[in-house]
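# Observations on the three-dimensional arrangement
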Amino acid sequence: MRHHAKGVAVITAGAENPVGFCATSLASVSLEPPVVSFSVGLCSSSWRTVESARHVMVHLLADSQADLASRFGRPGAAKFGPGTRWHRDALGLPVLDDVLAWLLLALTSYFPVGDHALVLGRVIASRHAAAGGPLIHHNREFAALAAPR
């Protein structure tokens, strides 16, 4: 699958203890109602928090945020340390600052699939937050989307 180019998102959860992970599995499932899916490893440090959460925040990363994607893609990294600009929303969810856009999801379903869980969530709020193009992941590297010719 490394040869399949994908947009990069960071999923965050945890009203008490924030958790987050980098996801390239984000997909639109339905327009009406608006539903998206993502997958999370069953052995990841984020899974238990996501499994018990009612809501999560999906952050669509801009092409200038490869460092942020790398930080959230590493296990055990200090994801919410001094190098990460973030705040909590009205629900207490961790929200990353300066991302391209974010989606607030009400989680609806979980399906174990091999060593991952496929998670479905209804989009209950969204915001286009910053200018720029999307961050793309392809062949184990981050890249910017090429400008139209």
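All of the points below concern the structure found in this document. Not measured: the values here are computed from a predicted model.

Criteria and cut-off values
- Counting restarts for each chain: residues are numbered from 1 in the order of the written sequence.
- Totals for whole chains, interfaces and linings use every residue, but because this is a predicted model, local features are given only for residues with pLDDT of at least 70 and side-chain atom pairs only at 80 or more, for both listing and counting.
- Calculated side-chain values reflect all of the structure's heavy atoms, with hydrogen atoms and water omitted.
- DSSP bridges decide pairing: two strands pair if at least two such bridges lie between them.
- Counting from the N terminus, the helices are DSSP H or I runs at least four residues long and the strands are E runs at least two residues long.
- Only protein chains enter the accessibility calculation, which uses a 1.4 Å probe; a residue whose area is less than 20% of its type maximum is buried, one above 50% is exposed, and one in between is partly exposed.
- Note on disulfides: each one is a pair of cysteine sulfur atoms within 2.5 Å.
- For Phe, Tyr and Trp, where Trp contributes only its six-membered ring, two rings pair if their centres lie within 6.5 Å, and the inter-plane angle classes them as stacked under 30 degrees, edge-to-face over 60, or tilted in between.
- With axes taken as lines fitted to C-alpha atoms, and helix axes fitted only over the stretch in contact, angles between N-to-C directions fall between 0 and 180 degrees.
- It only takes one pair of heavy atoms within 4.5 Å for two residues to be counted as in contact.

### Structural notes on the sheet that holds strand 11 (residues 135-138)
Strand order in the open sheet made by the three strands is 1-11-12, with antiparallel pairing throughout. Taken across any chain shown, the strands that pair with only one partner, and hence form the sheet edges, are strand 1 (6-7) and strand 12 (141-144).

### A few points about the pairing of strand 3 (residues 19-23)
For a regular strand, side-chain orientation follows a simple rule: the groups alternate between the two sheet faces. For strand 3, the tally of buried residues reaches four of five residues, placing the bulk of the element in the interior. Of the strand pairs in this sheet, strand 2 (residues 9-13) and strand 3 are connected by five bridges, and their pairing is antiparallel. Residue pairing in the sheet places Ala13 in a bridge with Val19 of strand 3. The antiparallel pairing of strand 2 with strand 3 creates a hairpin that spans five residues between the two strands, and Gly14 there sits at a positive phi of about 100°.

### Structural notes on the state of the cysteines
A complete count under the given rule lists zero disulfides for this structure. No disulfide involves Cys22; its sulfur sits 19 Å from the nearest other cysteine sulfur, which is in Cys43. What makes Cys43 exposed here is its relative accessible area of 81%.

### A short note on the packing of aromatic side chains
As enumerated under the stated definition, the model contains four aromatic pairs in all. Ring centres of Trp47 and Tyr110 lie 6.0 Å apart, and the angle between their planes is 75°; this geometry places the pair in the edge-to-face category. Linking Trp47 in helix 1 (residues 47-52) with Tyr110 in strand 9 (residues 101-113), this pair joins segments that are 63 residues apart in sequence. According to the relative accessible area criterion, Trp47 is buried, its value standing at 7%. Ring geometry for Phe80 and Trp86: centres 4.9 Å apart, planes at 70°, overall edge-to-face. The class of Phe80 is buried, set by a relative accessible area of 17%. Residue Trp86 is classed as partly exposed on the basis of its relative accessible area of 26%. Counting every residue linked through ring pairs, the aromatic cluster contains Phe72, Phe80 and Trp86.

### Some words on the pairing of strand 4 (residues 27-30)
Pairing analysis gives three bridges linking strand 4 to strand 5 (residues 35-41), with the strands arranged antiparallel. Bridging from a neighbouring strand, Ser30 pairs with Val35 of strand 5. Linking strand 4 back to strand 5 in an antiparallel pair, the connection comprises four residues.

### Here's the deal with the sheet that holds strand 6 (residues 55-60)
Reading across the sheet, the seven strands line up as 3-2-6-9-10-5-4 and stay open at both edges, with antiparallel pairing between neighbours. A single partner strand is all that each edge strand has here, and the edge strands are strand 3 and strand 4. Ignoring strand direction, the axes of neighbouring strands in this sheet form an average angle of 35°. The sheet contact formed by strand 2 and strand 6 spans four bridges and is antiparallel. Across the sheet, the residue bridging to Thr12 is Met57, located in strand 6. The sheet strands contacting helix 2 (residues 66-73) are strand 2 and strand 3, and the helix crosses strand 3 at an angle near 115°.

Any functional reading would require information that these geometric values do not contain.
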